[in-house]
Amino acid sequence: MSKPLSFYRSYFLSKTMSFLRRRNGTDSSKTRVADPNIKKDGAADDDKKKDEYKIPQRRNYGSKKWSCWDNCCWFIGLICSIWWFCLFLYNTMPDSIPQFVTMAITGPLPDPPGVKLRKEGLMANHPVVLVPGVVTGGLELWEGRHCAEGLLGKRLWGGSFGEFYKRPLCWLEHISLDNDTGFDPPGIRVRPVTGLVAADYFATGYFVWAVVIANLAHIGYEEKSLYMAAYDWRLSFQNTEIRDQSLTRIKSNIELLVATHGGKKVVVLPHSMGVQYFLHFMKWVETPAPRGGGGGPDWCAKHIKAIMNIGAPFLGSPKSIALHFSIEVRDIAALRAQAPGLLDKDVLGLQTFKHLMRMFRTWDATFSMIPKGGETIWGGLDWSPETETVNNSAKKGTDNSTRNTGGNGNICNTKGVNYGRLISFSKDWAETHSSKIERVDFKGDKLTNSSNCDIWLEYHEMGNRAIKAVADHKVYTAGSILDLLHYVAPKLMARGASHFSYGIADDLDDPKYDEYKYWSNPLETKLPNAPDMEIYSLYGVGLPTERGYIYKVAPPSDCSIPFQIDTSVDGDSEDSCLKGGVFSGDGDETVPIISAGFMCAKGWRGKTRFNPSGIRTYNREYKHAPPANLLEGRGTQSGSHVDLLGNFALIEDVLRVAAGATGEDIGGDRVYSDIFKWSERINIKL
Amino acid sequence: MSSLRRRKPINESSDSKHNEEEEDEDHDDVDADGDDDVNGKNKKTPSKIKKKRGEKPPKQPKWSCMDTCCWFIGCICITWWLLLFLYNAMPASFPQYVTEAITGPLPDPPGVKLKKEGLEAKHPVVFVPGIVTGGLELWEGRECAEGLFRKRLWGGTFGEVYKRPLCWVEHMSLDNETGLDPCGIRVRPVSGLVAADYFAPGYFVWAVLIANLARIGYEDKTMYMAAYDWRLSFQNTEVRDQTLSRIKSNIELLVATNGGRKVVVIPHSMGVLYFLHFMKWVEAPAPMGGGGGPDWCSKHIKAVVNIGGPFLGVPKAIAGLFSAEAKDIAVARALAPGFLDNDIFQFQTLQHVMRMSRTWDSTMSMIPRGGNTIWGGLDWSPEEGNSCAKKGEKKNETQIADQAGSENAVCKAKSANYGRIISFGKDVAEAPSSDIERIDFRGAIKGHSAANTTCRDVWTEYHDMGFAGIKAVAEYKTYTADSLVDLLHFVAPKMMARGTAHFSYGVADNLDDPQYKHYKYWSNPLETRLPNAPDMEIYSLYGVGLPTERAYVYKLSPHAECSIPFKIDTSADDEDTCLRDGVYSVDGDETVPVLSAGFMCAKGWRGKTRFNPSGIRTYIREYNHLPPANLLEGRGTLSGAHVDIMGNFALIEDVIRIAAGASGEELGGDQVYSKIFNWSEKINLRLDEEIPVHSSR
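Fair warning: this is a prediction, and the values are worked out from it, not measured in the lab. (Residues numbered from 1 in each chain as written. Chains lettered and ligands numbered in written order. Predicted model: local features only at pLDDT ≥ 70, side-chain atom pairs only at ≥ 80, totals over all residues. Heavy atoms only, no water.)

Novice: How would you sum up the overall build of chain A? Please name residues and give values.
Specialist: On a plain count of helices and strands, chain A comes out with 26 helices and 17 strands. When burial is assessed residue by residue, chain A has 59% of its 686 residues classed as buried. As presented, chain A carries roughly 26,700 Å² of accessible surface, and 56% of it is formed by carbon and sulfur atoms. (Helix = DSSP H or I, 4+ residues; strand = E, 2+ residues; numbered from the N terminus. Buried < 20%, exposed > 50% of the residue type's maximum accessible area, 1.4 Å probe, protein only. Areas by Shrake-Rupley, 256 points an atom, 1.4 Å probe, with all protein chains shown as cover.)

Here's what the structure looks like:
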């Protein structure tokens, strides 16, 4: 009787549980020590040869099942014991050990900026207001449907997302807004979490504001001198006031901060969409009472020292186009922590995308991120501010442009890139010169497609001809993209257009610009009359940022989203800006430099018509450097959209300004990219 | 390892069973395999094998022990996971279903019930948490507290208490001189509704009330938790954190964003005193007060719904300050048993706790106010004649007794002298006052105990007292509310010096006296006037039917270095006079006696009095304690205990009705189970504005 034979016999005879059997087989073939039969009866160590012969018999009769279970139990028990032991060690470990280990590996860590600046003698001075951006703020349930029982007061968004996995459809129902009103559906109340906890961590361990707060605390800040202006980031800005009186609260709290700090003005730190929210707030607060906050024309001058915009999408972000058009959330920074598993999950199949899209499209706030300023800012068919090809065809000018725009700021080869074409159908159309493109107008009539899909999306009302018409238009610029969205999702855009505007004002004194839908667009409003105020734009550079897309029409099937990013398209060379159907430019992974920097670099610089009182503006760029090793987590020199909030250089700047420094004190502009050159190319009346 | 080894014998026995089975199998199936060798082995009789095994053990045991352990743990883990999986897969309504099956259908929570009646959110609501229930978090700490930034030091899981107790005590203590944080430490109150919704996981404070309010439409923007650092004296919360300013600003914001509807304020426990302080502060002119103007309260406040309000202090605070025997300061109860009796720290624990709690100025706000006038003297007390048998089962009896004019012969004959809040020895507590010889302690010289240098690490002022001082205290024998304040001044002069700068415990003779403009009088209802707000309503909601500490029998503790020299004499018991474990109890909510919670609303403020010049209407709502019917109900929906009353359905219903706009009359006016009106009658306190004609007993 040979060993393999015994192995096979045991293998074939125990067919009850395949999973258990497998382990059993390997165990018996490899190490007999792991076989509990032998260990149990105590004969294991007696004589190895004997055991070898015993095995087949034992296996044949009765004890098979027992040994499987036994084996498993033993194995799991061992793992648990080891786990507990490690856990015990971990808990008894002094807190300084991880730091010690890190230091041993990477050399001494730099002091966190708070500690460093405290040694320099900086003290808390101006109170600080934090304005979180989209998705990073927590939302909690105050009233729900039957399926959400027991979740009252729990977080639906942010935190652990525990409920998300347990009852996804229920969760979607609660987190979505009403399609017509843009408010909560009846019977559901989801409200923003208040206080610093609202956005210190997005998910467990994924910091948003926590690092900034910790460093502010080092120089003496505490809860009473910090205020998190939490708002429901799903609503349009004005609706947060209508439903929650969020703007009134922010006003009242800023006034309180100033009053309890002996008249010291606040430093505002808006992040991401919070930037636009705060622009909206500044207009609102000075507008007289029924429509605005009635703070009087000098409220901002009296209460605000500086606005330090972090990763500001002043002029929108092309990424939002892709989101609205086909919900291809490549990596909205914070979702990244959760999305990969979820989006590609097969359980819900393609439905996942559509559920997400429906949810996403009910959030009015997302409209604020659609690129503003049209072709003037984002470039037309044959030019864009980032490339020096205004008068030449794309192919001729690129060699120069790469060299010129090169230096530090260049993250990829811009050869053959027409950034102005935000959406192209197929790579050819993305590259061909405009004169050679024949475009068919898509604004025809729609044929309704009567497919019955349980998930409501406006795509189902479009019909195949309309989809073809969209594709036949071939190329869309920032101007025509609005028409496109109006075409593919008329109801959605009707709601959006009543709250946001994307143009450039010709005459800012036109009384129509008193309407609130213009307040968050820096190109259609004036800054407040506050000559002592300072506006900073702090943003990361050095990361590829989505700037244009190549789309294809998805293979038609009922109930699916008809357009998809054509991920098969890649650039000609290794370092091409075109990768996976996406044209990338320089930026912080979410917001391109042109959007974050233009207003402070040119639009508001000096006294312009957008900035009549000559508020000083500063551009501070932070070059992305990936974390040196895993121990550093998300890095202290990151430039990406959310991780930037953990960037030591940025925090140091923030702390200095909060402690009273002016823009000149911290060194004025600090620029790595060609933002000034690019701004020059943008032809806008100032 | 020891615990693992202990399990061994059991497993071995089960092992041997297996072995026998296996051996049997072997024996039967000899022919299955043709191999001779194997046959030979298998033909051994079981007994032989057993013998063989008997010889083996020296080689085997370790391996098999580890093995069985692993196996055992594995089994447990698998079962655990299976149960966990089942639990997670269980529909959320299942526990409720089980409960209903056992106890019959549950009543709707009040929020659901009132929603069906059509009530809707109307007046914004302000919660003022009490002592110990609010969370505190760390903003700056010493070396030992690294990594705890913005973690809760108080409230939450208290995980850090167990891990580094001394570090925790250091951070929770305040500075002995200033009553503010020590240098380099900043511990700040948590803000928002989370500050006091749960004290520890699963131990609700405000959560049930908040959840029920949410049912009728309240949400974050219409509720505000006026969290403050409950360790500080009330005025210091404004000095350090501008807490009073914040409350003012937030109430104004609530009124503004809710279309001018006034707020309903719901203070609990010490929050009641804090809010009294606030109401005086907000109307006082700017440098010392909030400068809100004389009609701020009438403009912004609809009603003050005090829950378990210790308006006149609690005797329990005395025991806490005197000997750190906070038997069950309501919430600490959840944590204390394991912690205080912990053997690791032995007596030091109590002293550390004492040192810590003595640095908290706010505890001094709870010292009984009003002196002998309210709390009774050597030979009388308002509650005298009280039948002590206020226990659930004797409820009927006592009610009959009430109707019959409290003719409970036994108790009347041997009534407890509640006025003697502290007595040294049981006989002293019971003797008529003429028999007690008292030696005044006030002038006694405090000797220096030679041994106390070793105790320096745990600083309590007892070590400065020496034997002579301690003896003098004991020889005074019995203390009433008046002399108690002197006693505390004697045993802890530094602490009381701080305390008297912030709190006052007397009864005002003339409220127009300009001295009463000082903030230290603001939280004493007997030394301030209510604001001029005739439309406002003041409620006092409290539980009754639980024995509540009212007076103590003390003894000198056996002398040991570094220990607290006084102890409650837990051996003193007396069935007739409600003396149990050295504590005399009366009716109340386990922490606040009825007298303290009810007197102001029953008499002191009732109608137009000098304390209530504008005639604010007052209502008393008592809630009779009923223990939870079974374990499934948790802390019960009919509880009257100090903190658990926040989950009392009747109370919640009242609160919701008030918040939805009802007035006191619509609720049904007073709802009284205790003899509070009788007792109040016995208190001889001048209520009209005339110049006093001195009368004291």
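Novice: Could you give an account of the overall build of chain B, naming the residues involved and the relevant values?
Specialist: Helix and strand content of chain B: 27 helices and 17 strands. Considering only contacts within chain B whose residues lie at least 6 apart along the sequence, 76% involve residues at least 24 apart. Accessible surface computed for chain B: about 28,700 Å², of which carbon and sulfur atoms make up 57%. (Contact = heavy atoms within 4.5 Å.)

Novice: Go over the side chain of B:Ser381 with me, naming the residues and quoting the values.
Specialist: All names here are of chain B. Along the chain, the position of serine 381 falls in the loop between helix 17 (371-375) and helix 18 (395-403). The buried category is assigned to serine 381, whose relative accessible area is 1%. Apart from residues lying up to four places away in sequence, serine 381 is in contact with Trp375, Gly376, Tyr418, Gly419 and Arg550.

Novice: Tell me about the pattern of salt bridges, and name the residues and values.
Specialist: Enumeration according to the criterion identifies 48 salt bridges over all chains in this entry. For A:Arg616, the salt bridge identified is with A:Glu534, shortest N-O distance 3.4 Å. Remark: A:Glu534 occurs in strand 12 (residues 534-541) and A:Arg616 occurs in strand 17 (residues 616-623); sequence separation between them is 82 residues. A salt bridge links B:Arg606 to B:Asp670, with the nearest nitrogen and oxygen atoms 2.9 Å apart. Taken together, the residues span a long stretch of sequence, with B:Arg606 in the loop between helix 24 (594-604) and strand 17 (617-624) and B:Asp670 in the loop between helix 26 (664-667) and helix 27 (676-682) at a distance of 64 residues. Taking the relative accessible area as the measure of exposure, B:Arg606 reaches 28% and is therefore partly exposed. The network of salt bridges with common partners includes A:Arg118, A:Glu222, B:Glu140, B:Asp181, B:Arg186, B:Arg188, B:Asp229, B:Arg231, B:Arg240 and B:Asp241. (Salt bridge = Lys/Arg side-chain N within 4 Å of Asp/Glu carboxyl O.)

Novice: Got a sec to walk through the pairing of strand 1 (residues 125-128) of chain B? Specific residues and values, please.
Specialist: Moving residue by residue along a regular strand, the side chains alternate between the two faces of the sheet. Residue and element names in this part refer to chain B. What you see with strand 1 is no split at all: Val125 and Phe127 on one side and Val126 and Val128 on the other are buried throughout. One ladder, built from four bridges, connects strand 1 with strand 8 (residues 263-267); its direction is parallel. Bridged to valine 126 within strand 8 is valine 265. Sheet topology places strand 1 next to strand 7 (residues 223-225); three bridges connect them, and they run parallel. Pairing of valine 125 across the sheet is with methionine 223, part of strand 7. (Pairing = 2+ DSSP bridges.)

Novice: Account for the state of the cysteines, with residues named and values stated.
Specialist: Within this structure, the stated rule accounts for two disulfides over all chains. Note that A:Cys147 is cross-linked by a disulfide to A:Cys170, the S-S spacing being 2.1 Å. Residues A:Cys147 and A:Cys170 share a disulfide whose torsion about the S-S bond is about 85 degrees; that sign makes it right-handed. With A:Cys147 in the loop between strand 2 (139-143) and strand 3 (155-157) and A:Cys170 in helix 9 (residues 168-175), the pair connects residues that are 23 residues apart, well separated along the chain. A:Cys147 sits in the partly exposed class, given a relative accessible area of 32%. Here B:Cys144 pairs with B:Cys167 through a disulfide, and the sulfurs are 2.1 Å apart. Here B:Cys144 and B:Cys167 share a disulfide; its torsion about the S-S bond, 85 degrees, makes the bridge right-handed. Taken together, the residues span a long stretch of sequence, with B:Cys144 in the loop between strand 2 (136-140) and strand 3 (152-154) and B:Cys167 in helix 8 (residues 165-172) at a distance of 23 residues. Look at B:Cys144 and you get partly exposed, because its relative accessible area is 32%. What makes B:Cys167 buried here is its relative accessible area of 9%. (Disulfide = S-S within 2.5 Å.)

Novice: Which residues make up the sheet that holds strand 17 of chain B, and what values do they have?
Specialist: Residue and element names in this part refer to chain B. In space, the six strands of this open sheet follow the order 7-1-8-9-12-17, with parallel pairing throughout. The open sheet terminates on both sides in strands that have one partner only, identified here as strand 7 and strand 17. Neighbour-to-neighbour, the strand axes of this sheet turn through a mean angle of 15 degrees, independent of strand direction. By the bridge criterion, three bridges tie strand 8 to strand 9 (residues 301-307) in an arrangement that is parallel. When the sheet's bridge partners are listed, valine 264 is paired in strand 9 with alanine 303. Against the sheet, helix 24 contacts strand 12 (537-544) and strand 17, and its axis sits at roughly 155 degrees relative to strand 12. (Axes fitted to C-alpha atoms, helices over the stretch in contact; angles between N-to-C directions.)

Novice: An account of the sheet that holds strand 8 (residues 266-270) of chain A is requested, with residue identities and associated values reported.
Specialist: Note on sheets: strands pair through backbone hydrogen bonds, and any given pair is parallel or antiparallel. Residues and elements named next belong to chain A. Across the sheet, which stays open at both edges, the six strands sit in the order 7-1-8-9-12-17 with parallel pairing between neighbours. Because the sheet does not close on itself, it has two edges, and the strands there are strand 7 (226-228) and strand 17. Along the sheet, successive strands turn relative to each other by an average axial angle of 15 degrees, direction set aside. The strands touched by helix 12 (residues 246-260) within the sheet are strand 1 (128-131), strand 7 and strand 8, with strand 7 carrying the most contacts at an inclination of about 175 degrees.

Novice: How would you sum up helix 25 (residues 649-659) of chain B? Please name residues and give values.
Specialist: Residues and elements named next belong to chain B. Burial analysis of helix 25 places eight of its eleven residues in the buried class, which makes it a mostly covered element. Inspection of helix 25 places Leu651, Ile652, Glu653, Asp654, Val655, Ile656, Ile658 and Ala659 among the buried residues, and these make up the whole buried set. Looking at where helix 25 begins, the residue whose side-chain oxygen comes 2.9 Å from the main-chain nitrogen of alanine 650 is asparagine 648. Immediately beyond the C-terminal end of helix 25, within one or two residues, lies glycine 661, with a positive phi of roughly 120 degrees. (Polar contact = N/O pair within 3.5 Å; in protein donor to acceptor, adjacent residues only side chain to side chain.)

Novice: Could you give me a rundown of the confidence of the model for chain A, with the residues and numbers involved?
Specialist: Residue and element names in this part refer to chain A. When pLDDT is averaged across chain A, the result is 76; 73% of the residues are at 70 or more. Note that residues 331-349 has pLDDT below 50 and, in this model, 34 contacts with residues that lie over four places away or in other chains. In the model, residues 389-409 has pLDDT below 50 throughout and makes 29 contacts with residues more than four positions away in sequence or in other chains. (pLDDT = per-residue confidence, 0-100.)

Novice: Run through the UniProt feature "transmembrane region" (unreviewed entry) in chain A, naming residues and quoting values.
Specialist: The sites that UniProt annotates as "transmembrane region" (unreviewed entry) are residues 68-90 of chain A. This span, residues 68-90 of chain A, is 100% helix and 0% strand, and a straight line between its end C-alpha atoms measures 33 Å. (UniProt positions renumbered as here; feature names shortened; annotations may be inferred.)

Novice: Can you tell me about the environment of A:Ser640, naming the residues and giving the values?
Specialist: Residue and element names in this part refer to chain A. Here serine 640 shows up in the loop between strand 17 and helix 25 (648-658). Once the C-alpha coordinates of serine 640 and asparagine 611 are considered, the two residues, 29 residues apart in sequence, prove to be 29 Å apart. Not counting residues up to four positions away in its chain, the partners in contact with serine 640 are Leu543, Asp588, Glu589 and His624.

Novice: Got a sec to walk through the packing of helix 11 (residues 237-244) of chain A against helix 12 of chain A? Specific residues and values, please.
Specialist: Residues and elements named next belong to chain A. For the pair helix 11 and helix 12, the least separation of the axes is 6 Å and the interaxial angle reads 85 degrees. If you check the angle between helix 11 and helix 12, you find them roughly perpendicular. For the pair formed by helix 11 and helix 12, the contact residues are Phe237, Gln238, Thr240, Glu241 and Asp244 on the first element and Ser246, Leu247, Thr248 and Arg249 on the second. Looking at the contact of helix 11 with helix 12, its residues break down into two nonpolar, four polar and three charged. (Parallel < 35°, antiparallel > 145°, perpendicular 65-115°, else oblique. Nonpolar A, V, L, I, M, F, W, Y, C, P; charged D, E, K, R; others polar.)

Novice: Residue-level account of the confidence of the model for chain B, with values.
Specialist: Residue and element names in this part refer to chain B. When the pLDDT values of chain B are averaged, the result is 76; 73% of them are 70 or greater. Mean pLDDT across the elements of chain B ranges from a minimum in helix 19 (residues 409-413), with 37, to a maximum in strand 8, with 95. Note that residues 389-413 has pLDDT below 50 and, in this model, 25 contacts with residues that lie over four places away or in other chains. When the criterion is pLDDT under 50, residues 449-454 qualifies, and its contacts beyond four places in sequence or with other chains add up to six contacts. The ipTM, which scores confidence in the relative placement of chains, is 0.78 for this predicted complex, and the corresponding pTM is 0.81.

Novice: Please set out the packing of aromatic side chains residue by residue, giving values where relevant.
Specialist: Summed over the entire model, instances satisfying the criterion amount to 43 aromatic pairs over all chains. On the numbers, 5.1 Å between centres and 90 degrees between planes, the contact of B:Trp230 with B:Trp360 is edge-to-face. Taken as a pair, B:Trp230 in the loop between strand 7 and helix 10 (234-241) and B:Trp360 in the loop between helix 16 (347-358) and helix 17 lie far apart in primary sequence, 130 residues in all. A residue is classified by how much of its surface remains accessible, and B:Trp360, at 6% relative accessible area, is buried. Taken together, the aromatic side chains of A:Trp157, A:Trp171, A:Phe202, A:Tyr206, A:Trp233, A:Phe360 and A:Trp363 make up a single cluster linked through ring pairs. (Phe/Tyr/Trp six-rings, centres within 6.5 Å; stacked < 30°, edge-to-face > 60°.)

Novice: Quick rundown of the domain arrangement of chain A? Include the residues and the values.
Specialist: All names here are of chain A. Each assigned domain of chain A is listed here: domain 1 (113-137 + 194-314 + 523-541 + 589-681), domain 2 (139-192) and domain 3 (318-387 + 412-504 + 544-584). Each of domain 1 and domain 2 was reduced to a C-alpha centroid, and the two centroids are 29 Å apart. Listed by partner, the interface residues are 18 residues for domain 1 and 18 residues for domain 2. For the domain 1 and domain 2 pair, buried surface summed over both sides reaches about 1,300 Å², with 57% attributable to carbon and sulfur atoms. For the pair domain 1 and domain 2, the interface holds three salt bridges. (Domains from an automatic or database assignment. Buried area = accessible area lost by both parts, 1.4 Å probe.)

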